[in-house]
Amino acid sequence: IPVLIGELISVEIWKHKIFPVLCRLEDFKPRSTFPIYVVLHHEASIINLLETVFFHKEICESAEDSILDLIDYCHRKLTLLAARSTNGHSRAVCVPLQELQKQAETMEFEISLKALSVLRFITDQVERPASPLLGCPPSGSAVSPWSCVSFCPSGKLKKFENGTWHVVPPEDQVKMTKLDGQVWLALLNLMLSPECQRKYHFDGFNKSQLLKLRAFLTDVLVDQLPNLVEMQRFLSHLAVTEPAPPKKDLVLEQVPVIWDHVFKKNAGKWEAIAKHQVKHVFSPTEEELELQARRWVQTYSLDMMEAL
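- As annotated in an unreviewed UniProt entry, the protein is Zinc finger MYND domain-containing protein 10 from Opisthocomus hoazin.

Set out below in structure tokens:
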């Protein structure tokens, strides 16, 4: 699991620092964008695997210290989701690789939704000793990037579920989606955990942010997720409680290390790395492309699947 988390963050950094350079290189006109697509898809494959296995407590615990790096990764993805909801779809800037850029943006959205689920599974473990989420602020937000009305020409409500957007009939518009459920369950874990309440400092600002959640806790929602009654009680109590002054204890904070390590190791080398990869990785010959294609066919053959 730590190896997968390290690989996940490495690909994320590649997308931020190397991929844009590839798109700007005027003399880079690849015969096939398939090798680049494989790298972009690698992040999606890993986060999809982590979403599947992190449902199990022992897998989550096996991440050890790298769990903090994964939490940091998920936070970045949720920030991207919030920005997408506010600003709309980002504009493609890569001319020679424009189609690949669009695919990357689509994947980024789906990866972020997977990261949301992974984060929720991690919050299920906040009671275990030395959990790095114990001091993590449960922020309130009205953002729901997987629901869309304004971007739909028909004006109908669309929701993203099971990898695709679909129109929601009027009678189902108040139904909670799986993604909505993940958000509420994560908030429940963070807000109602005695350990989180003990270690998280409530000031006037974050108290006011959390109290905004009360507007969304409708009877229809609570009927679908009865545990939210406990959140209603907690928020009602919070509303009439004055925030305690911050303690002046010594605070030791864990920090993620994988992202910083990769950045420091490659600082100032991004363009050189991109040009090296153009020459040695992303400009394959016809024979190399055929070999890659055959490998993929073999990997996803029925015989291979049956063996697995």
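1. Concerning the environment of T218
Thinking step 1. Within the fold, T218 resides in the loop between α9 (204–211) and α10 (219–224).
Thinking step 2. T218 sits in the partly exposed class, given a relative accessible area of 38%.

2. So, the side chain of E12
Thinking step 1. The residue E12 is located in helix α1 (residues 2–17) in this model.
Thinking step 2. Judged by its relative accessible area of 2%, E12 falls in the buried class.
Thinking step 3. In terms of polar contacts, E12 uses its side chain to reach the side chain of R76, at 2.8 Å.
Thinking step 4. Discounting residues that sit within four places of it in the chain, E12 has contacts with E43, Y73, R76, K77 and W259.

3. Things to note about the sheet that holds strand β1 (residues 147–148)
Thinking step 1. If you trace the three strands from one edge of the open sheet to the other, you get β1-β2-β3, paired in antiparallel fashion. Each edge of the open sheet is held by one strand with a lone partner, namely β1 and β3 (164–167).
Thinking step 2. Bridging between strand β2 (residues 158–161) and β3 involves four bridges; their strand directions are antiparallel. Residue pairing across strands places K159 opposite H166, the latter belonging to β3.

4. Quick word on the nonpolar core
Thinking step 1. In this structure, F19, L22, I36, F54, L70 and Y73 are the most contacted members of the largest nonpolar core, which totals 43 residues.
Thinking step 2. Elements supplying a minimum of two residues to this core: α1, α2 (19–24), α3 (34–53), α5 (67–87), α6 (98–123), α12 (258–266) and α13 (270–280).
Thinking step 3. Among residues more than four places away in sequence, those in contact with I36 are W14, F19, L22, F28, L97, L100 and F282.

5. Examining the packing of α9 against helix α11 (residues 228–239)
Thinking step 1. Relative to each other, α9 and α11 sit at 140 degrees, their axes nearing to 10 Å. Taken together, the axes of α9 and α11 are oblique relative to one another. With respect to the hand of their crossing, α9 and α11 are arranged in left-handed fashion. Seen from α9, the contacting residues are K207, L210 and L211; seen from α11, they are L235, L238 and A239.
Thinking step 2. When grouped by side-chain class, the residues that make up the contact of α9 with α11 number five nonpolar, no polar and one charged.

6. Digging into the side chain of Q277
Thinking step 1. With respect to the helices and strands, the residue Q277 is situated in helix α13.
Thinking step 2. Classification of Q277 by relative accessible area gives buried; the value is 17%.
Thinking step 3. Here the side chain of Q277 touches W14 through a polar contact of 2.8 Å, side chain to side chain.
Thinking step 4. Those residues in contact with Q277 that sit more than four places away from it in its chain are W14, I18 and F282.

7. Describing the confidence of the model for the protein
Interpretation of the predicted coordinates at a detailed level should be avoided for regions scoring low in pLDDT.
Thinking step 1. Of the residues in the protein, 86% reach a pLDDT of 70 or more, and the chain-wide mean stands at 83.
Thinking step 2. This model gives residues 88–93 a pLDDT under 50, and the stretch forms ten contacts once residues within four places in sequence are excluded.
Thinking step 3. Every residue in residues 134–141 is under pLDDT 50, and counting partners more than four places away or in other chains gives 19 contacts.

Cut-offs applied
- Residues numbered from 1 in each chain as written.
- Predicted model: local features only at pLDDT ≥ 70, side-chain atom pairs only at ≥ 80, totals over all residues.
- Heavy atoms only, no water.
- Helix = DSSP H or I, 4+ residues; strand = E, 2+ residues; numbered from the N terminus.
- Buried < 20%, exposed > 50% of the residue type's maximum accessible area, 1.4 Å probe, protein only.
- Polar contact = N/O pair within 3.5 Å; in protein donor to acceptor, adjacent residues only side chain to side chain.
- Contact = heavy atoms within 4.5 Å.
- Pairing = 2+ DSSP bridges.
- Core = buried A, V, L, I, M, F, W, Y, C linked by side-chain atoms within 4.5 Å.
- Axes fitted to C-alpha atoms, helices over the stretch in contact; angles between N-to-C directions.
- Parallel < 35°, antiparallel > 145°, perpendicular 65-115°, else oblique.
- Left-handed = near helix turned anticlockwise from the far one by under 90°.
- Nonpolar A, V, L, I, M, F, W, Y, C, P; charged D, E, K, R; others polar.
- pLDDT = per-residue confidence, 0-100.

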